[in-house]
Each structure stands twice: as structure tokens, then as C-alpha cells.
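Each chain is listed here by its residues.
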Amino acid sequence: MSVLVYLVPAALLLGLLGLAGFMWSLKTGQYEDLEGAAWRILEDDDIEDTLEDPPEGARGHVPEGEERRKG
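Residues numbered from 1 in each chain as written. Predicted model: local features only at pLDDT ≥ 70, side-chain atom pairs only at ≥ 80, totals over all residues. Heavy atoms only, no water.

**So, the overall build of the chain**
Here is step 1: Within the chain, the regular secondary structure consists of 3 helices and 0 strands.
Here is step 2: Along the chain, helices and strands appear, N-terminal first, in the series α-α-α.
Here is step 3: Across the 71 residues in the chain, those meeting the buried criterion constitute 8%.
Here is step 4: For the chain, the accessible surface area stands at approximately 6,900 Å², while carbon and sulfur atoms represent 61% of it. (Helix = DSSP H or I, 4+ residues; strand = E, 2+ residues; numbered from the N terminus. Buried < 20%, exposed > 50% of the residue type's maximum accessible area, 1.4 Å probe, protein only. Areas by Shrake-Rupley, 256 points an atom, 1.4 Å probe, with all protein chains shown as cover.)

Below, the structure written as C-alpha cells:
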């Protein structure tokens, strides 16, 4: 029974740390753009910069004379 003297404050401290972390994430805007990160990971913008001479038909390669579609 005496172990509760340590466990209850430890549980309250961990709960407060979790609450503080959640409030920090809300304040810094972590939940404002939920779908943007999912779409940004699918874009191939970084592949074009790393390949110096990509083969024809490579993903992210834009043939000369054509513009990359936006959106």
C-alpha cells in the first residue's frame, strides 16, 4: 500500500507531461494541415534535383520543352 505514495504522483506527473505535450503541439500548429504532409510525400520534386542525366521515362523527369504540372 505504501507504493501508492510513489505511483500516484508519478502517474499524475506523466499525465501532466502528456497534456503539456499535446497543448504544445496544438499551439505550434501540428494539426492545422493534416493532408498536406500526405500529399507532399508523393511529389517527386527532389528526384529531379538529384538525377543529373535521368533516363527517358524516369519518374520526376520532365522532358525538354514541357512544363511541370502544378497542383
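Next, the rest of the story.
**Description of the pattern of salt bridges**
Here is step 1: Enumeration according to the criterion identifies 1 salt bridge in this entry.
Here is step 2: The salt bridge partner of D33 is R40, with a shortest N-O separation of 3.5 Å.
Here is step 3: Under the relative-accessibility criterion, D33 is labelled partly exposed at 45%. (Salt bridge = Lys/Arg side-chain N within 4 Å of Asp/Glu carboxyl O.)

**Examining a nonpolar patch on the surface**
Here is step 1: Taken together, the side chains of L16, L19, F22, M23, L26, Y31 and L34 define a hydrophobic patch exposed on the protein surface, amounting to about 740 Å² of accessible area.
Here is step 2: Locating L16 in the fold gives a position in helix α1 (residues 4-27).
Here is step 3: For L16, a relative accessible area of 55% translates into the label exposed. (Patch = residues over 30% accessible without salt bridge, like charges linked within 9 Å, V, L, I, M, F, W, Y side chains within 5 Å.)

**Topic: the packing of aromatic side chains**
Here is step 1: Under the counting rule described, the total for this entry stands at 1 aromatic pair.
Here is step 2: For the ring pair F22 and Y31, a centre distance of 6.1 Å and an interplane angle of 50 degrees mean the geometry is tilted.
Here is step 3: Judged by its relative accessible area of 40%, F22 falls in the partly exposed class.
Here is step 4: Classification of Y31 as partly exposed rests on a relative accessible area of 45%. (Phe/Tyr/Trp six-rings, centres within 6.5 Å; stacked < 30°, edge-to-face > 60°.)

**Some points on the confidence of the model for the chain**
Here is step 1: The pLDDT averaged across the chain works out to 81; a share of 63% of its residues lies at or above 70.
Here is step 2: The weakest mean pLDDT in the chain belongs to helix α3 (residues 45-50) at 62; the strongest belongs to α1 at 97. (pLDDT = per-residue confidence, 0-100.)

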